[in-house]
Every structure is written in C-alpha cells, then in structure tokens.
Amino acid sequence: MIERIRVVGAGGRAGSVVSARLAEQGLVLDADEPELVLLCVPDRAIAEVASALAPGPWIAHVSGATPLAALDPHTRRFGVHPLQSFAKTRGPEQLDGAWAAVSAESEEARSAGFWLAETLGLRPFELADRSRAAYHAGAAVASNYLVTLREAAGSLLECAGAPPEALEPLMRGVIDNGFELTGPIARGDWETVGRHLEVIREQRPALEDLYLVLAEATASIAGRTMPSNRLLQGARSGPPRVCRTTQDVRVELAGRASGPVGLVPTLGSLHEGHLSLLRAARAECETVVMSLFVNPAQFAETADLRRYPRDEARDVELAEEAGVDLVFAPSADEMYPDGFQTWVEVTELGSILEGKFRPGHFRGVATVVLKLLSIVRPARVYFGQKDAQQVEVIRRMIRDLALEVELRVLPTVRDPDGLALSSRNALLSADERNRALVLHRALATRDPDAARRVLAESNGLAVDYVEVADFEPPVLAGAVRAGSTRLIDNVPLEGDSE
Ligand code: AMP
C-alpha cells in the first residue's frame, strides 16, 4: 500500500525499533518523496514538527497521549501507538505480539493505520481520539506503575536482607499465570496483612499509604472488606492513651494516622451496652476515642451525682480490650472552667419526658456533647438506643447547628431476663433488681395503656411516666424508680431494632 516512509526521530527509543522493523519489511526509508511521514518524536515536539511539514503525504504519530489535532494543519493523518515500552538495547522483536491503538478520522486513514500497525508486527485495535486520556492512564498504570511497585517491593526485600532482583521471576509468574490473585488478602488472612503494616511502619514508613491503598483495592478484587487499619493491628495496640485536657487530646489526635475518628461519649462504669458502641466504633473508624466524664451539668441532684458509680482503672482496662485508642477523662474544671456560661438548649425535645423530671438534664447533655465533638472532631459519634430521648436531642442539635458528624445509634443491650444494662443497675439491691424487671415487660406490650396497667399491678415501682414518643423511630418510653434508683427504658415501635 505505502512504500516510501520517512521516520522523523529514528534515533529515539520507538523510532529506532520502528525504523528497524520497516527496513526488515523492505520499505524504502527516509525517501525524498515519502507517502507517509511517521513522527517518532517526543510528544511535546509533535505539533511543531507537523506544522513545519509540507502537506501531501500521510502524517502519523506514535504517541498514546497526543490527540490527532496536534498534526494540524494536515488532514491525511492518523495515529498508531504501540502499547509497549521499548529498551534501546533490544531490536524490533520488541514489537512482536504487542498491541497498537490506531486513531483515525476516516475509513481511508483507519486502513492506513491498520496497515502500518500490521506491517510493524503489531495487533491493531481502534481507539477513539477523544478516549485517549483513559486509554493512556491505563497504559501508564500497567507499565510505569509496575516500575513503582517493583521499587517498593524491592525496598521491602532489602529490609529483610533479601535480593530485590529475586522478585522479577515472581512478577513475571503473575503475568504468565493470567493474573490469578493469591496471597493473604485473597485468603482473608488479615493477621498477616497486619504484620506487613507493622513492619512497614517501623522500617519503611513512606510505603504505608501505598501499601494501604493497594491492599484496599486488592480486597475489593477479592470481594472482601478490609478491616479498619487499626483493627489490622489486632490486640498488639496496647493500652489506650488517657488524656485529661483538651490540649492533650488535640496533640494526640494530630499525631495519629489519618482516617475517620469515632467518638463514644460515656459516663464510665462500662458494661456490655457501652462495649457494643466501642466495638462498632472500632470496626468502622481508624481511631476510637472514648470519653469518660460524669458530667455534673446533667445531674440535677448532687446526691445522684455523688453516688454515680465510678471505676476509671477498670474502665480503661475494658476500653483497652475493646481496642480504644484514646480515653478522654477530663476533670469538671477542664470542661467547665471558671466563668463558663455558654449552654446549648434543645428547647422542646429537651423539656418533655425525662426533661420534665430532670430539668436542665438535656441542657447539660447537649452542652457537653457539643464540647466533646468540638474537642475530638469525630467523623462518627456513637450513642445507645437505650437513651432514646438523648439520641433525639443530639440528632436535633446536629441538624440545627449543622454539625459535621454522623450519628450512629446502636440497639439496647439487655441482660437475658430483659433488664436493659445500665451503670445504675449496680446501685440496685437484689430485690429492687427483681422488681425493676417489670419495666421492660410492661414496655414490651408496645401499648402505653397496657404498659401502665402492668406497672400498676407490680409491687413497689414508682412510675414517673410511660408514653409514646414521636422519635426516629417512635418509641414507647418509660421511667420508674426502684428504691432511690431511677431507671429508664424504651422499645422502638417501628423497625426491628430494640
Ligand atoms: P452512659 O455512660 O450511661 O451515659 O452511656 C453512654 C452511652 O452508652 C450512651 O450512648 C448510652 O445510650 C449507651 N448505653 C447505655 N446503656 C446501654 C445499653 N444497655 N445498650 C446500649 N447502649 C447503652
């Protein structure tokens, strides 16, 4: 079809290979009156070289990234991009078996492009000029980033005193085996992945982000969900850092790996209810912060505040078992310094039900939660459905003040006999505990009248209220007093969570 070709840039990597193959095929190279001028020059030089050529012959380039418009003003034009990286030390055999992207704007140009590709020993396919960027990105990932991977992998072998070149047959094997995925992520062996991360952090910290991004992408190929980075470290994390001041928390969080922070606010005296929140946060967040603060502002009665159970050492131990990274246990002075006078009041939701019996309670809750959110700046904050009105107050505050935090609510955890776990249960005598069981039995009727009847027939529980509350979801909520201990509980009236 074409017999005389001039190759511009024949001394370059692609140019020399292409010229050698064309010569092998018996074409006349560097002809005075070429039928085709093939530009094998660097991408940035294509437009300049093309514009200097006299119109007439076909003009083509061998660039993957450069659009055909770079060949203006010529109209008899096309592109043939060999999808191969060339070494100067090797010859035209490098073309054998490689594919080539042919871009053309007419049938005639397409035939010329396919002819050239086939003459070079390439397997042509058509590439729309406008789709070059995606095509070229794919080519760059496959070829250039393979070099980056080889470098990263080699540097880890060096850490182990092993020869990096030992990786090469392995890398070739992966290709020869049709890119079958093997190894720890394919098996779901996260312990091994955790050990990889540990050594990378210790010896090649610059590779941590790369490893994590690749591990996540590989998990998705394997159809697996990668546990959070922190979970990958398993139980080797050690005790949580206990911070007493805002400043401490901020410094500690600033020094940690990026990724979502989860906050679990508690008054301490941890039980399985709290632990369910901590576990959820652990599974979903990179860093887990638990606050431990018996907030005086949410206790109307000083006697109740004084007798609230406290055991920080045990709480920190349980937090460690749950994988908490940081415990924020401030003093009352830290949270309410001299002159403190800024309060958050969720007016309507804060004054019904519990709010009627504990005036100021939700003002104290909303204020301290907002302050905790401001100190910790979590992506997610975790609360229990057990305190349904508290959840509703916080949800309203997050919406009203446009706070950038996701509210996560977890179901109420109960003892096998139905009693909702509560730190206050520790204050109940055996007899009071027994009587307290009626509260859940009553609410489980999911009918306020029936529930009130059950409670009225029970012995010795003083009922503060039993009411349906129009929360998200609606609940039947109740509060009773057993002796001097006040207990609250609720059952959702929609959905299947408790
Ligand atoms: P507290 O320490 O009582 O303020 O509780 C801290 C968090 O744990 C709150 O979000 C509570 O709603 C939650 N919580 C308390 N008891 C339970 C329970 N039995 N089940 C689930 N969450 C609970």
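This report concerns the structure included in the present document. (Residues numbered from 1 in each chain as written. Predicted model: local features only at pLDDT ≥ 70, side-chain atom pairs only at ≥ 80, totals over all residues. Heavy atoms only, no water.)

## Structural notes on the overall build of the protein
From N to C terminus, the protein includes 19 helices and 16 strands. The principal-axis extents of the C-alpha atoms in the protein amount to approximately 110 × 50 × 45 Å. Split into buried and exposed, the 498 residues of the protein put 48% on the buried side. Of the contacts formed within the protein by residues at least 6 apart in sequence, a portion of 64% connects residues at least 24 apart. Carbon and sulfur atoms provide 52% of the accessible area of the protein, an area that totals close to 24800 Å². Distance from the positive charge centre (53 side chains) to the negative charge centre (70 side chains) of the protein: 3 Å. (Helix = DSSP H or I, 4+ residues; strand = E, 2+ residues; numbered from the N terminus. Buried < 20%, exposed > 50% of the residue type's maximum accessible area, 1.4 Å probe, protein only. Contact = heavy atoms within 4.5 Å. Areas by Shrake-Rupley, 256 points an atom, 1.4 Å probe, with all protein chains shown as cover. Lys, Arg positive; Asp, Glu negative; His and termini not counted. Charge placed at Lys NZ, Arg CZ, Asp CG, Glu CD.)

## Section: helix H11 (residues 272-284)
Its 13 residues give H11 an end-to-end C-alpha distance of 18 Å, which sits within 8% of 18 Å, the value for a rise of 1.5 Å per residue. Looking at H11, one finds that the buried residues are Gly 273, His 274, Leu 275, Ser 276, Leu 277, Leu 278, Ala 280, Ala 281 and Arg 282. (Expected span 1.5 Å × (residues − 1).)

## Let's talk about the pairing of strand S9 (residues 261-266)
The buried fraction of S9 is high, at six of six residues. Residues Val 261, Leu 263 and Pro 265 point to one face of S9 and Gly 262, Val 264 and Thr 266 to the other, with burial holding for every one of them. For S9 and strand S10 (residues 287-292), the ladder comprises six bridges, and the chain directions are parallel. Within S10, the position partnered with Val 264 by the bridge is Met 290. Note that the unit made of S9, H11 and S10 has a crossover that is right-handed. Two strands pair when backbone bridges link them, and S9 and strand S12 (residues 380-384) are joined in this way by two bridges, in the parallel orientation. Across the sheet, residue Gly 262 finds its bridge partner in S12, namely Arg 380. (Pairing = 2+ DSSP bridges. Right-handed = clockwise from strand over helix to strand, strands pointing away.)

## Description of the sheet that holds strand S1 (residues 4-8)
Read across the open sheet, the seven strands follow the order S2-S1-S3-S4-S5-S6-S7; overall the sheet is mixed. Looking at the sheet topology across the chains shown, the edges are occupied by strand S2 (28-29) and strand S7 (123-126). Taken strand by strand, helix H3 (residues 107-119) contacts S1, strand S3 (36-39), strand S4 (58-61), strand S5 (77-82), strand S6 (99-104) and S7, and its axis lies near 30 degrees from that of S5. (Axes fitted to C-alpha atoms, helices over the stretch in contact; angles between N-to-C directions.)

## Focus on the pattern of salt bridges
By the definition in use, this model includes 36 salt bridges. For the salt bridge of Glu 126 with Arg 110, the shortest nitrogen-to-oxygen distance reads 2.7 Å. Of this pair, Glu 126 sits in strand S7 while Arg 110 sits in helix H3, and the two are 16 residues apart along the sequence. For Glu 126, a relative accessible area of 47% puts it in the partly exposed group. (Salt bridge = Lys/Arg side-chain N within 4 Å of Asp/Glu carboxyl O.)

## Concerning the sheet that holds strand S8 (residues 241-243)
One open sheet holds the six strands; their spatial order is S8-S11-S10-S9-S12-S13, and the pairing between them is parallel. Whereas interior strands pair on both sides, the edge strands pair on one side only; in this sheet they are S8 and strand S13 (406-410). Sheet twist, expressed as the average angle between the axes of neighbouring strands with direction ignored, equals 25 degrees. Across the face of the sheet, H11 comes into contact with S9, S10, S12 and S13 while running at roughly 155 degrees to S12. Helix H16 (residues 361-376) rests against S9, S10, strand S11 (326-328) and S12 of the sheet, and its axis sits at about 150 degrees to S9.

## Observations concerning the site of the ligand
Taken together, 17 residues sit near the ligand, with Leu 267, His 274, Asp 387, Val 413 and Leu 421 positioned nearest. At 2.8 Å, a backbone N or O of Leu 421 approaches a nitrogen atom of the ligand. Alone, the ligand offers 480 Å² of accessible surface; in the complex the protein occludes 93% of this. Listing elements by their share of the shell around the ligand, those giving two or more residues are S9, H11 and S12. Here the element with the most residues in the shell around the ligand is H11; it accounts for three residues. Among the residues making up the shell around the ligand, the classes are represented as eight nonpolar, seven polar and two charged. (Near = heavy atom within 4 Å. Polar contact = N/O pair within 3.5 Å; in protein donor to acceptor, adjacent residues only side chain to side chain. Nonpolar A, V, L, I, M, F, W, Y, C, P; charged D, E, K, R; others polar.)

Interpretation note: all reported values are geometric properties and have no functional meaning in isolation.
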